[in-house]
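Survey of secondary and tertiary structure
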Amino acid sequence: MTMVTSAPSRLQRKKDTVRVRILTSAIRLFTERGFQQTTVEQIAAAADIGKGTIYNYFPAKEDILGAFLADREQDLAAHAAPLAQSPLPLAEILTAYVRLHLQMKEAHRDFVRVFFARMYSGDPAFLPFLRHFQTIVDPPLVTFLATLRERGLLPDSTNIPALVQLFKQYQLSITTVWLFDEPPFERTYALIPQQMGLLCRGLRSSPTADS
């Protein structure tokens, strides 16, 4: 039986357009002025819509931030999925994954700086958002690493949730270097295979085993 998928309605297309305008305007202002210094009123003015319209889409500024990052993570997951089936060795697959992650963020590097500054600020009000953000980031990475385990590139005993946390620590340190590097990011891209090789050697000598 053939499923027929209808095109988005005119109303839905309009909603999608407004959502993109809000996100684009907000991220630009967050980057230029900082997250704390940017008000919803300023975002509404930049997007040329009413303040109330923003609340129809996003209850709070953190939700705008979350939506933008969620969109980027979904894009990454879609582009990274084929890497899980790559014939390359494990270290090279992970290196390609991290490189792709950074390359897809290059256009928004100033904003990533703003996000990291907010993350490291120690503001307790930001912690719930960070926890929610992990629920966006983790599932695609779990699927990616689980596929590698199914292919035999990771030991059968590998505890995937534990490896996700370890992998994110490596990725966080590499991203921090990238934020202080300059295009074409030679120092960062030289660091990635070193770090992924170190991670893989650690997995071979003492795999993260299921408890």
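A brief structural summary. All of these numbers come straight from a predicted model, not from anything done at the bench.

**A look at the overall build of the chain**
A tally of regular secondary structure across the chain gives 9 helices and 0 strands. Ordering the α and β elements of the chain from the N terminus gives α-α-α-α-α-α-α-α-α. Its C-alpha atoms put the chain at 60 × 55 × 35 Å along the principal axes. Here the chain, with 211 residues, has 43% of them falling under the buried criterion. In the chain, of all internal contacts separated by at least 6 residues, the share reaching a separation of at least 24 is 70%. Surface accessibility of the chain: about 11,700 Å² in total, with carbon and sulfur atoms responsible for 57%. Counting 23 positive and 20 negative side-chain charges, the chain places the centres of these two groups 4 Å from one another.

**Regarding helix H5 (residues 90-103)**
For H5, which comprises 14 residues, the first-to-last C-alpha distance of 20 Å matches the rise-based estimate of 20 Å (1.5 Å per residue) to within 8%. By the burial criterion, the buried members of H5 are Leu-90, Ile-93, Leu-94, Thr-95, Tyr-97, Val-98, Leu-100, His-101 and Leu-102.

**Things to note about the environment of Ala-77**
Along the chain, Ala-77 falls in helix H4 (residues 61-80). Overall, Ala-77 belongs to the partly exposed group, its relative accessible area being 27%. Placed 10 residues apart in sequence, Ala-77 and Pro-87 show a C-alpha to C-alpha distance of 19 Å.

**Considering the pattern of salt bridges**
Taken as a whole and judged by the stated rule, the model has 8 salt bridges. In this structure, Arg-118 engages Asp-123 in a salt bridge whose closest nitrogen and oxygen atoms are separated by 2.8 Å. Taking the relative accessible area as the measure of exposure, Arg-118 reaches 9% and is therefore buried. The partly exposed category is assigned to Asp-123, whose relative accessible area is 24%. Across the salt bridge formed by Asp-138 and Lys-168, the nearest N and O atoms sit 2.7 Å from each other. Placement of the pair is Asp-138 in helix H7 (residues 127-150) and Lys-168 in helix H8 (residues 160-180), with a sequence separation of 30 residues. One connected set of salt bridges, linked through shared partners, spans Glu-62, Arg-118 and Asp-123.

**Concerning the environment of Leu-23**
Tracing the backbone through its elements, the reader meets Leu-23 in helix H1 (residues 10-33). Counting along the chain gives 170 residues from Leu-23 to Pro-193, while the straight-line C-alpha distance between them is 34 Å. Excluding anything up to four places from it in sequence, Leu-23 contacts Phe-58, Ile-64, Ala-67, Phe-68 and Asp-71.

**Remarks on the packing of helix H6 (residues 109-119) against H8**
Running from N to C, H6 and H8 point in directions that differ by 125°, and their axes come no closer than 10 Å. In terms of axis orientation, H6 runs oblique to H8. As for the relative orientation of H6 and H8, their crossing is left-handed in sense. Residue-level inspection shows Arg-109, Val-112, Arg-113, Phe-116 and Met-119 of H6 in contact with H8, the latter providing Leu-172, Thr-175, Thr-176, Trp-178, Leu-179 and Phe-180.

**Side note on the packing of H4 against H5**
It is the contact of H4 with H5, at a shortest axis distance of 10 Å, that shows an interaxial angle of 145°. Here H4 runs over H5; the crossing is right-handed. For the pair H4 and H5, contact is made by Glu-73, Leu-76, His-79 and Ala-80 and by Tyr-97, Leu-100 and His-101, respectively. Grouping the constituent residues of the contact of H4 with H5 by class yields 4 nonpolar, 2 polar and 1 charged.

**Remarks on the packing of aromatic side chains**
Under the counting rule described, the total for this entry stands at 12 aromatic pairs. Ring geometry for Phe-115 and Phe-116: centres 6.3 Å apart, planes at 65°, overall edge-to-face. Its guanidinium or amino end placed over the ring of Phe-68, Arg-72 lies 4.8 Å from that ring's centre, counting from NZ or CZ. Above the face of the Trp-178 ring, Arg-109 is positioned so that its terminal group lies 5.7 Å from the ring centre.

Scoring rules and cut-offs
- Residues numbered from 1 in each chain as written.
- Predicted model: local features only at pLDDT ≥ 70, side-chain atom pairs only at ≥ 80, totals over all residues.
- Heavy atoms only, no water.
- Helix = DSSP H or I, 4+ residues; strand = E, 2+ residues; numbered from the N terminus.
- Buried < 20%, exposed > 50% of the residue type's maximum accessible area, 1.4 Å probe, protein only.
- Contact = heavy atoms within 4.5 Å.
- Areas by Shrake-Rupley, 256 points an atom, 1.4 Å probe, with all protein chains shown as cover.
- Lys, Arg positive; Asp, Glu negative; His and termini not counted.
- Charge placed at Lys NZ, Arg CZ, Asp CG, Glu CD.
- Expected span 1.5 Å × (residues − 1).
- Salt bridge = Lys/Arg side-chain N within 4 Å of Asp/Glu carboxyl O.
- Axes fitted to C-alpha atoms, helices over the stretch in contact; angles between N-to-C directions.
- Parallel < 35°, antiparallel > 145°, perpendicular 65-115°, else oblique.
- Left-handed = near helix turned anticlockwise from the far one by under 90°.
- Nonpolar A, V, L, I, M, F, W, Y, C, P; charged D, E, K, R; others polar.
- Phe/Tyr/Trp six-rings, centres within 6.5 Å; stacked < 30°, edge-to-face > 60°.
- Lys NZ or Arg CZ within 6 Å of the ring centre and 35° of its normal.

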